[in-house]
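# Structure at a glance
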Amino acid sequence: MSKVRHYYAGGNTAKGFFSFYDSVLQDLDRLFILKGGPGTGKSSIMKNIGAIMEKKGFDIEYLHCASDTQSIDGVILPNEKIGIVDGTAPHVIEPKAPGVIEEYVNLGDAWDSKKLMKDKNEILTLNDRIQIKFSAAYETFAESLRAHDDIEDVYIENMDFKKANQLTDQLITAFYGDEKLKKESKVKHRFLGAATPDGARDFIPNLTEDVKKRYFIKGRAGSGKSTMLKKIVAAGEARGFDVEVYHCGFDPNSLDMVILREKGIAIFDSTAPHEYFPDRESDEIVDMYDLCITPGTDEKYAEEIKRTTKAYKDKMKEAIAYLSEAKQLRDKLEAYYVEAMDFSKVEAMQEQILYQMDAYINRNV
């Protein structure tokens, strides 16, 4: 049985479109980069190839699209060190060794340029309108982050940093003990979830399904969750452990989850919008509010917290609405390309990619 994992490598954030593709793709020895407009079949090719490789028993990682919950941006076979990605904007990929590692596949070879030229003005107008909507979304996410920072300030002022440091040290000792591995640590950076046109999405259950011990961090904004995770990452890296680092899909400078697969441990921020509760005997809650925040803080600053939380949520809803509008416009744009495509040629490209992947994998068996 193949192991199938789902995550985001790029996201619509308060810092604009943010990508961890360099980290996700860094170990690959073979990479097919799909080029082409929207609606040209990139996601379908990758889904089809992923399904075929799953049936063959290969472990698969699906890189999901933050701007369209029905699309994917990449498929990776981690053990074979081979992958396929959408290399069009905004996730443009700089090749390390074109023709040796990276292979470009131009789906533009399958479209009728004359048909597209007939609709040139409409296509250009839609492209402009889509960019305007994304820009508005990013600006609004940034405003939401500023409101979120105001919420954090309340809890930071009431934080017992000594207790937070003690808790972090206890967890680091529990996770690693005195163990050090005689190898260099591999650190992978990804997103825990994403702000999508359909709201917040994540794959925590999938990513942690085969992890023996899960720690659910509860708390408030500014209660030290991300700082604690960053210290756990640094400690693992210093000891030679491989670390999966999952960043916040809203603020990429903040961490939301760390997985140490060699230790069978996952620890993650389990508060909204990715709120989960223990459902296994081995699951454990780490409550930062109870352990590190001055008792009564929620009640004392209730009005201020309510006001800033409303501002934060209102801006988040507004930004999501802009993403939804961008998706609707993109659907209209895709229709022009779908009409101009010869999908029999796209199918032939898919078969050629599969042939090359099989040949590469068999050569390395």
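Here is a short report on the structure shown in this document. (Residues numbered from 1 in each chain as written. Predicted model: local features only at pLDDT ≥ 70, side-chain atom pairs only at ≥ 80, totals over all residues. Heavy atoms only, no water.)

Once that is clear, we can look at a negative patch on the surface. Together, Asp149, Asp150, Asp153, Glu157 and Glu304 make up a negatively charged patch on the protein surface. Here the element with the most residues in the negative patch is helix α4 (residues 120-157); it accounts for 4 residues. In this structure, aspartate 153 sits in helix α4. (Patch = residues over 30% accessible without salt bridge, like charges linked within 9 Å, V, L, I, M, F, W, Y side chains within 5 Å. Areas by Shrake-Rupley, 256 points an atom, 1.4 Å probe, with all protein chains shown as cover. Salt bridge = Lys/Arg side-chain N within 4 Å of Asp/Glu carboxyl O. Lys, Arg positive; Asp, Glu negative; His and termini not counted. Charge placed at Lys NZ, Arg CZ, Asp CG, Glu CD. Helix = DSSP H or I, 4+ residues; strand = E, 2+ residues; numbered from the N terminus.)

What follows concerns the packing of helix α2 (residues 42-55) against helix α11 (residues 343-363). Packing of α2 against α11 brings their axes to within 10 Å, and their N-to-C directions diverge by 40°. Classified by the angle their axes make, α2 and α11 are oblique. In the crossing of α2 with α11, the sense of the turn from one axis to the other is right-handed. Residues Ser44, Ile45, Asn48, Ile49, Ile52 and Met53 of α2 form the contact with α11, whose own contacting residues are Val346, Gln350, Ile353, Leu354, Met357, Asp358 and Ile361. Here the contact of α2 with α11 is built from residues that sort into 9 nonpolar, 3 polar and 1 charged. (Axes fitted to C-alpha atoms, helices over the stretch in contact; angles between N-to-C directions. Parallel < 35°, antiparallel > 145°, perpendicular 65-115°, else oblique. Left-handed = near helix turned anticlockwise from the far one by under 90°. Contact = heavy atoms within 4.5 Å. Nonpolar A, V, L, I, M, F, W, Y, C, P; charged D, E, K, R; others polar.)

Attention now goes to α11. In this model, α11 (21 residues) spans 30 Å end to end at C-alpha, consistent with the 30 Å of a helix rising 1.5 Å per residue. Residues Val346, Met349, Gln350, Ile353, Leu354, Met357, Tyr360 and Ile361 constitute the buried set of α11. Looking straight down α11, one finds that the buried residues subtend no more than 140° of arc, so they occupy a single side. Facing away from the buried side of α11, by more than 90 degrees, are the exposed residues Ser344, Glu347, Tyr355, Asn362 and Arg363. In this structure, the buried residues of α11 make contact with β4 (30-35), α2, β6 (72-77), β7 (82-86) and β8 (102-106). (Expected span 1.5 Å × (residues − 1). Buried < 20%, exposed > 50% of the residue type's maximum accessible area, 1.4 Å probe, protein only. Arc of directions from axis to C-beta.)

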